[in-house]
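Examining the three-dimensional arrangement
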Amino acid sequence: MHLTTNTILICAGGACISSGEESVKEALERKIKEYNLQDAIEIVETGCMGACSLGPIMVIYPEGIYYQKLTPEAAEKIVEEHLLKGRVVEEYLYQGDKDKLIPQPQKEIPFFSRQVKIATRNLGVIDPLNIEEYIARDGYFALHKALKEMTPEEVIKVIKDSGLRGRGGAGFPTGLKWEFARKSPGDEKYMICNADEGDPGAFMDRSILEGDPHTIIEAMTIAAYAIGANKGFVYVRAEYPIAIERLSAALNQAREYGFLGENILGTDFSFDIEIRIGAGAFVCGEETALINSIEGERGQPRVKPPYPAQKGLWNKPSNINNVETLACVPPIIINGPEWFRQWGTEKSPGTKVFALAGKVKNTGLVEVPMGITLRELIYEIGGGSPTGKKIKAVQTGGPSGGVIPEEYFDTPVDYESLNNLGAIVGSGGMIVLDEDDCMVDVAKFFLEFSVDESCGKCTPCREGNKIMYEILDKITRGEGTEEDIELLEKLGNTIKDSSLCGLGQTAPNPVLSTLRYYKEEYLAHVRDKKCPAKKCRDLISYVIDPEKCVGCTACARVCPVNCINGEVRKVHEIDQSQCIKCGSCIEVCRFGAISKVSPAIE
Amino acid sequence: MISQSEIKKIVEEARKEALEKQDILIYTLHKIQDKVENNYIPEESAKIISKELKIPLSKIYEVLTFYTMFSTKPRGKYVIRICTSLPCHVANGREIIEAIKDELKIDFGQTTKDGLFTLEETGCLGLCGVSPVIMINQEYYGNLTPEKVREILKNLKGGEEK
Amino acid sequence: MPKIKSLEDLMKIKENTLKNVKMRELGKRGKIIVAMGTCGIAAGAKETLNAIVEALNESNIDDIAVVQSGCMGLCEVEPTVKVEIEGETPVVYGHVNPENAKKIVKKHILAGELVGELIVKQGKE
């Protein structure tokens, strides 16, 4: 193993890859070779570094300089300037407030420095395809401790005492789940990892699988030892090809090193893991539907009880944990339950990974202690609004969750507090909404998702959600009535009570929670045919302000239906009967002369 | 077109990995669909799977039609999956959808006449940090604008003509 | 690859890899800067660089970073090397061939003594 002078960690998370990481890496390699530095400089592709809005990202060590928004040209310049001459290339540094250049935002910016990384401890730090780097960060030490120094009961007790709760959404205590599976009679049991992440806005599981696959393998093996399973499955959705590829490679390495297979670490415990791939069905994230899908059936949920711990995969006792939950297990085994409890609250100990998206400056993944307030999360860590517009609310928990208005942003983020507000922690997706977002539209949007994804097995979910969707659609078209709003509320509560699985039971939540806080927006849609956020197309019109229009013709040229009339240097006008409300004109007007009005002009 | 013997080979390999009777079915369907030129499961293939894995044909179609990623009809060489989840929606995803529909002159679920592109919706791809996002076959494209997406499509079309 | 069976096996991999991983982490004791301008490279700075890395490796020193920089403007005494240790005045050495490089690592880095005969400059610019 040769020592190197510089190491470049380049983020190869899905988001950076989609914004051009590969061509940046190629440019780096080409240029480094040109200067014959390939032996002195090491390039490591890591998992997601979390700050997806800045991608592609790389950090050059030993200095720890953080370069962002890279292009192949940037990479060439950095090789020539930074690596060869030791001069930091300022144009690709992180820019803080007032355009201040910050070469090491990891240390100075709250987005990075306020984080406590447990589940994501190795993301962006190690090469996910190198098992030895994982070991160097104490990887597989927890497995050694569990197998050689602890009984299965002791392992379960540590996890129970730590208070770790399921990070997939339900928040059920993990240790308790393991205990049920352990005590459930049966000589054959299964350990399953649920990597069918599907909540819109949540991508921590993908990032962990891509960036630190070994932690999932280690945790599953520990869990299998605790419950007494010899066979495991990771169920990954097919939309995550990079995660599948890296996990497969990691599984082979783990077998080679003796962390999987027969007689693990020389003990008499044997365990192996196989990958099963989904095929585009959101409902398979529900544990009994997931089991059906592994069995090669349609992914429809089963009636509970019996629970998977009693009758799961092939009717054998099975334990299912989510990716992020498992990623917390090895550090808890090494450091003990009290260590984990130093963060978070009494009932929600530890940390949680949140995916910030929507109208917030720093989008990406952040891991923070439970109990942090929404305000800290959205303003300090997230950096607030990127445009300066007023943030209106945050939507948490995706299609099963709800909205929380800005007035409640001082609420601590934990399972109970968010439930009290009619929202949920869920899988950790946080979509920030501002004054341009219409709450009826948001509710309709999520409901459309749930209607699409309903497996059709039980009537309340299949039919009820569809009717709710139709009512919402009517309201956004300006055809709703006040009775419709009442019906929405009634129907929502009935569907919650009577659906078979989690999908149906939570599908009305986005509607009920927006009704709770934003009833006046619903009423504006039905009474005044007005959309206060000016989002619902049927309720708005685009108009040109004759005072501001200079007649540059930019809007008329871009209009796809040619409905903007006017001569050069004269005030233009939109023909409302032809306008398709695509918004192209507003984008190109440099004089701010075009605006939206609601209600629509007849 | 994929030959019968190739399909048999895929099924044969899959059968070795099976633990229980049907658990390898979805995996096998993926493998075959990836190999078939038009990204779908032809009826003959389904029949071969049924015979080789001893699963009734009705059961195979039950599974095939449930999962959105499988198709029983021929699709384009490039299957474009547009994320229609909220994070992409609030990042002006609607304009991306319109640009793609306009560029290709097709709607969701349709294939262009030249057999190159099929347009589909997908749930969240988990790349919300760089929304709006689409996936073309196995590749992700993020931070899209209507202009960028038109360029990507034009490049793919151009590549085909050469 | 023999299968791993004991804590010792794990520790061995950890320590070996850590050397490499640590190189990229912050919080080092100091750094050695090798001037790699065209003049430096022409004078043999690449060999010097390799010698320093090797010497550090041999002595198991992992808290010193090796960094390249541009020309320090001391072309007549190339190859030049600057040693910066936390809390100490930076020292620039000249005519650092591989042999001298090893001497610098042994004396300055390991023992904390300056290599008098090679010093070109002391203190900040």
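Description of the structure in this document. (Residues numbered from 1 in each chain as written. Chains lettered and ligands numbered in written order. Predicted model: local features only at pLDDT ≥ 70, side-chain atom pairs only at ≥ 80, totals over all residues. Heavy atoms only, no water.)

**Some thoughts on the overall build of chain C**
Scanning chain C from N- to C-terminus turns up 4 helices and 5 strands. Helices and strands in chain C line up, N terminus first, as α-β-α-α-β-β-β-α-β. A total of 125 residues make up chain C; the buried ones form 48% of that total. Restricting the contact set of chain C to residue pairs at least 6 apart, pairs at least 24 apart contribute 62%. Surface summary for chain C: the accessible area is close to 6200 Å², and the carbon and sulfur share equals 50%. (Helix = DSSP H or I, 4+ residues; strand = E, 2+ residues; numbered from the N terminus. Buried < 20%, exposed > 50% of the residue type's maximum accessible area, 1.4 Å probe, protein only. Contact = heavy atoms within 4.5 Å. Areas by Shrake-Rupley, 256 points an atom, 1.4 Å probe, with all protein chains shown as cover.)

**Quick word on the overall build of chain A**
Of the regular secondary structure elements, chain A holds 24 helices and 19 strands. Expected size for 602 residues packed as a compact globule is a radius of gyration near 25 Å; at 26 Å, chain A falls within 12% of this value. Seen through its C-alpha atoms, chain A measures out along the principal axes to roughly 85 × 65 × 40 Å. Residues counted as buried form 64% of the 602 residues belonging to chain A. Across chain A, contacts joining residues at least 24 apart in sequence account for 69% of those joining residues at least 6 apart. For chain A, the computed accessible surface area is about 21700 Å², with 48% contributed by carbon and sulfur atoms. Here chain A contributes 68 positive and 87 negative side-chain charges, whose respective centroids are spaced 3 Å apart. (Rg over C-alpha atoms; globule rule 2.2 N^0.38 Å. Lys, Arg positive; Asp, Glu negative; His and termini not counted. Charge placed at Lys NZ, Arg CZ, Asp CG, Glu CD.)

**Section: the interface of chain A and chain C**
Accessible area lost during the coming together of the parts is what is often quoted as the interface size. Counting from both sides, the interface comprises 44 residues of chain A and, opposite them, 32 residues of chain C. Both faces considered, chain A and chain C share a buried interface measuring about 3300 Å² in area, 62% of it formed by carbon and sulfur atoms. Our enumeration of links across chain A and chain C arrives at 1 salt bridge. Across the pair C:Lys14 and A:Asp138 runs a salt bridge whose closest N-O atoms are separated by 2.5 Å. Taken together, the connections running from chain A to chain C amount to 7 residue pairs in polar contact (both at pLDDT 80 or more). Elements with a contribution of two residues or more to the side of chain A that touches chain C: strand 1 (6–11), strand 2 (41–46), helix 3 (72–85), helix 6 (131–136), helix 7 (141–149) and helix 12 (241–256) of chain A. Here the residues of the side of chain A that touches chain C sort into 19 nonpolar, 14 polar and 11 charged. (Buried area = accessible area lost by both parts, 1.4 Å probe. Salt bridge = Lys/Arg side-chain N within 4 Å of Asp/Glu carboxyl O. Polar contact = N/O pair within 3.5 Å; in protein donor to acceptor, adjacent residues only side chain to side chain. Nonpolar A, V, L, I, M, F, W, Y, C, P; charged D, E, K, R; others polar.)

**Looking at the sheet that holds strand 9 (residues 272–277) of chain A**
All names here are of chain A. Here 4 strands make up an open sheet; going across it, the order is 9-8-7-10 and the pairing parallel. Lying at the two open borders of the sheet, with one neighbouring strand each, are strand 9 and strand 10 (318–322). Going from strand to strand, the sheet's axes swing by 20 degrees on average, the running direction of each strand aside. Relative to strand 9, strand 8 (residues 231–236) runs parallel, the two sharing 6 bridges. Bridge assignment links Lys-231 to a residue of strand 9, and that residue is Asp-272. Here helix 11 (residues 213–227) sits on the sheet and contacts strand 7 (190–195), strand 8, strand 9 and strand 10; the angle it forms with strand 7, its principal contact strand, is near 145 degrees. (Pairing = 2+ DSSP bridges. Axes fitted to C-alpha atoms, helices over the stretch in contact; angles between N-to-C directions.)

**A closer look at the arrangement of the chains**
Among the 2 pairs of chains in contact, the pair with the most contacts is chains A and B. If you take every C-alpha in chain B and every C-alpha in chain C, the smallest gap between them is 24 Å, and the two do not touch.

**Brief notes about the packing of aromatic side chains**
Residue and element names in this part refer to chain A. All chains considered together, the criterion is met by 16 aromatic pairs over all chains. Plain terms: the ring middles of Trp-339 and Trp-343 are 5.2 Å apart, the flat faces sit at 90 degrees to each other, and that makes the pair edge-to-face. An aromatic cluster is present here, built from Tyr-134, Tyr-140, Tyr-257 and Phe-259 joined pairwise through their rings. Across the ring face of Tyr-518, the terminal group of Lys-392 is positioned such that the distance to the ring centre comes to 5.7 Å. (Phe/Tyr/Trp six-rings, centres within 6.5 Å; stacked < 30°, edge-to-face > 60°. Lys NZ or Arg CZ within 6 Å of the ring centre and 35° of its normal.)

**Some remarks on the interface of chain B and chain A**
Counting residues at the interface gives 42 residues for chain B, matched by 57 residues for chain A. Contact with chain A buries surface across chain B, with B:Phe66, B:Leu86 and B:Tyr140 losing the most and accounting together for 16% of the total. At the junction of chain B with chain A, the criterion picks out 3 salt bridges. Counting the contacts that link chain B with chain A gives 16 residue pairs in polar contact (both at pLDDT 80 or more). Broken down by secondary-structure element, the contributors of at least two residues to the side of chain B that touches chain A are helix 2 (25–35), helix 4 (57–66), helix 5 (86–90), helix 6 (93–104) and strand 4 (139–141) of chain B.

**Quick word on unusual backbone geometry**
Residue A:Lys304 is joined to A:Pro305 through a cis peptide bond whose omega torsion reads -10 degrees. With respect to the secondary-structure elements, A:Pro305 resides in the loop between helix 13 (287–294) and strand 10. Looking along the chain, the bond that leaves B:Ser131 and enters B:Pro132 is cis, with omega of -5 degrees. Backbone geometry at A:Lys69 places phi at a positive 45 degrees, although glycine is not the residue there. Here A:Lys69 lies in the loop between strand 4 (65–67) and helix 3. For A:Lys69, a relative accessible area of 48% corresponds to the partly exposed category. Despite not being glycine, C:Asn60 has its phi angle at roughly 60 degrees, a positive value. Mapped onto the fold, C:Asn60 is located in the loop between helix 3 (45–58) and strand 2 (64–69). For C:Asn60, a relative accessible area of 51% corresponds to the exposed category.

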